[in-house]
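What follows is the residue order along each chain.
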Amino acid sequence: MPISFRFRLIPFIASLLLISLGIALAQWQTNRAQVKESLAAQMTERQQLPALALNAQTLPEQILPFRKLQLTGQLIREWPLYVDNRPLQGKAGLYVLMPFKLAGSSKYVLIARGWHPRNGRDRMQMPDVPVPAGQIVLQGMMRDKLDRVMQLGQAEIVKPGSLLQNVDVEALAKQTGWDFYPFVLEQTSVFEDGLLRDWPQPSLGADKHRGYAFQWYALALMAFLFFVVTGIRRGKN
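**Brief notes about the overall build of the protein**
Part 1 of the reasoning: Along its length, the protein carries 3 helices and 10 strands.
Part 2 of the reasoning: Starting at the N terminus and ending at the C terminus, the protein contains elements arranged as β-α-β-β-β-β-β-β-β-α-β-α-β.
Part 3 of the reasoning: Residues counted as buried form 40% of the 237 residues belonging to the protein.
Part 4 of the reasoning: The long-range fraction of contacts in the protein, counting pairs at least 24 apart against all pairs at least 6 apart in sequence, stands at 70%.

Encoded structure:
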């Protein structure tokens, strides 16, 4: 006896929506991966450039994320800041930050000087880190901002010696009245200060986005198979 196949509308519409959604989201994730791969290549290229001397004549378009900068000036020892919850190699610790005034300029740069372990006996006891005296030359890598952690409660009022969860350069500029560049410099110059400068590399996550894209393409394929199995049924002529 001949067999006929009957088209079912509702499974077709549901499958079409899922297939369209899966393909659209997969393409979006693929584009995100391509953007991050481009950023990773850009970051590597900039890190290989010679250090740019930052001064009053430096053009803003020259100051690029992940570019090495060289500063001449003085660390403001009266204004140490500490950024909490920054573990390193499985140890609890914090970042030590300090404003840096450029020589012959009214501009300031916020320097992430390095990492220090937390005091195991008294977590509120901040480290007393030596500060180079007088005018120095300092090198580091420009970052738009330090990696953030989840902020618990209201942002703290910044004052000398503050222990912060995150640091906001714009807020610091407002509270101090100093003219800060809108970025943070991760120090790479080695000083005898007991700090570690094993800065984490930015996690751009292109592989993660490609993994998500694969999952969305798989969803689209499953929706198509769902329609093949349930959207067309066999019946007798």
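**Topic: the nonpolar core**
Part 1 of the reasoning: Counting residues in each nonpolar core, the largest one holds 21 residues, and the members touching the most others are Leu97 and Leu110.
Part 2 of the reasoning: Mapped by element, the contributors of at least two residues to this core are strand 4 (81–83), strand 5 (93–102), strand 6 (107–117), helix 2 (169–176) and strand 9 (179–187).
Part 3 of the reasoning: Excluding residues within four positions of it along the chain, Leu110 makes contact with Leu81, Leu97, Met98, Pro99, Val167, Val169, Leu172, Phe180, Phe183, Val184 and Leu185.
Part 4 of the reasoning: Residues Ile63, Phe100, Tyr181 and Phe183 belong to the second largest nonpolar core, which totals 19 residues.

**Structural notes on the packing of aromatic side chains**
Part 1 of the reasoning: By the definition in use, this model includes 6 aromatic pairs.
Part 2 of the reasoning: Between the aromatic rings of Trp79 and Trp178, the centroid separation amounts to 5.7 Å while the plane-to-plane angle is 65°, which identifies the pairing as edge-to-face. Linking Trp79 in the loop between strand 3 (68–75) and strand 4 with Trp178 in the loop between helix 2 and strand 9, this pair joins segments that are 99 residues apart in sequence.
Part 3 of the reasoning: Classification of Trp178 by relative accessible area gives partly exposed; the value is 23%.
Part 4 of the reasoning: Pairwise contacts between aromatic rings join Trp79, Tyr108, Trp178 and Phe180 into one cluster.
Part 5 of the reasoning: In this structure, Lys107 is placed above the aromatic ring of Tyr181, and the distance from its NZ or CZ to the ring centre is 4.4 Å.

**Things to note about the pairing of strand 3**
Part 1 of the reasoning: As paired strands, strand 2 (residues 52–53) and strand 3 are joined by 2 bridges and run parallel to one another. Bridged to Leu52 within strand 3 is Leu69.
Part 2 of the reasoning: Bridging between strand 3 and strand 7 (residues 136–143) involves 6 bridges; their strand directions are antiparallel. Each bridged residue has a counterpart across the sheet, and for Leu71 the counterpart in strand 7 is Leu138.
Part 3 of the reasoning: Across 3 bridges, the pairing between strand 3 and strand 5 is antiparallel. Each bridged residue has a counterpart across the sheet, and for Leu75 the counterpart in strand 5 is Phe100.

**Notes on a nonpolar patch on the surface**
Part 1 of the reasoning: On the surface, Leu9, Phe12, Ile13, Leu16 and Leu17 cluster together into a nonpolar patch covering about 470 Å² of accessible area.
Part 2 of the reasoning: One can find Phe12 in helix 1 (residues 9–47).

**Structural notes on helix 2**
Part 1 of the reasoning: All of the buried residues in helix 2 are Val169, Leu172, Ala173 and Thr176. Buried residues in helix 2, looked at end-on, bunch into an arc of 100°, giving them a common side. When the buried face of helix 2 is taken as reference, the exposed residues oriented beyond 90 degrees from it are Glu170 and Lys174.
Part 2 of the reasoning: Of the surrounding secondary structure, the elements contacted by the buried residues of helix 2 are strand 4, strand 6 and strand 9.
Part 3 of the reasoning: Near the N-terminus of helix 2, the side chain that reaches the backbone nitrogen of Glu170, with its oxygen 2.9 Å away, is that of Asp168.
Part 4 of the reasoning: Directly beyond the C-terminal end of helix 2, a positive phi value near 80° is found at Gly177.

**Digging into the pattern of salt bridges**
Part 1 of the reasoning: One pass over the structure, following the stated rule, counts 6 salt bridges.
Part 2 of the reasoning: Residue Arg118 is joined to Asp84 by a salt bridge in which the shortest nitrogen-to-oxygen separation is 2.5 Å. Note that Arg118 is positioned in the loop between strand 6 and strand 7 and Asp84 in the loop between strand 4 and strand 5, a separation of 34 residues in sequence. There is no split in this pair, since Arg118 and Asp84 are both buried.
Part 3 of the reasoning: With a shortest N-O distance of 3.1 Å, Asp193 and Arg197 are connected by a salt bridge.
Part 4 of the reasoning: Asp193 gets classed as buried once you look at its relative accessible area, which sits at 5%.
Part 5 of the reasoning: Residue classification places Arg197 among the buried residues on the basis of a relative accessible area of 18%.
Part 6 of the reasoning: Taken together, the shared-partner salt bridges in this structure form one network comprising Arg113, Asp193 and Arg197.

So, how was this worked out
Residues numbered from 1 in each chain as written. Predicted model: local features only at pLDDT ≥ 70, side-chain atom pairs only at ≥ 80, totals over all residues. Heavy atoms only, no water. Helix = DSSP H or I, 4+ residues; strand = E, 2+ residues; numbered from the N terminus. Buried < 20%, exposed > 50% of the residue type's maximum accessible area, 1.4 Å probe, protein only. Contact = heavy atoms within 4.5 Å. Core = buried A, V, L, I, M, F, W, Y, C linked by side-chain atoms within 4.5 Å. Phe/Tyr/Trp six-rings, centres within 6.5 Å; stacked < 30°, edge-to-face > 60°. Lys NZ or Arg CZ within 6 Å of the ring centre and 35° of its normal. Pairing = 2+ DSSP bridges. Patch = residues over 30% accessible without salt bridge, like charges linked within 9 Å, V, L, I, M, F, W, Y side chains within 5 Å. Areas by Shrake-Rupley, 256 points an atom, 1.4 Å probe, with all protein chains shown as cover. Salt bridge = Lys/Arg side-chain N within 4 Å of Asp/Glu carboxyl O. Arc of directions from axis to C-beta. Polar contact = N/O pair within 3.5 Å; in protein donor to acceptor, adjacent residues only side chain to side chain.

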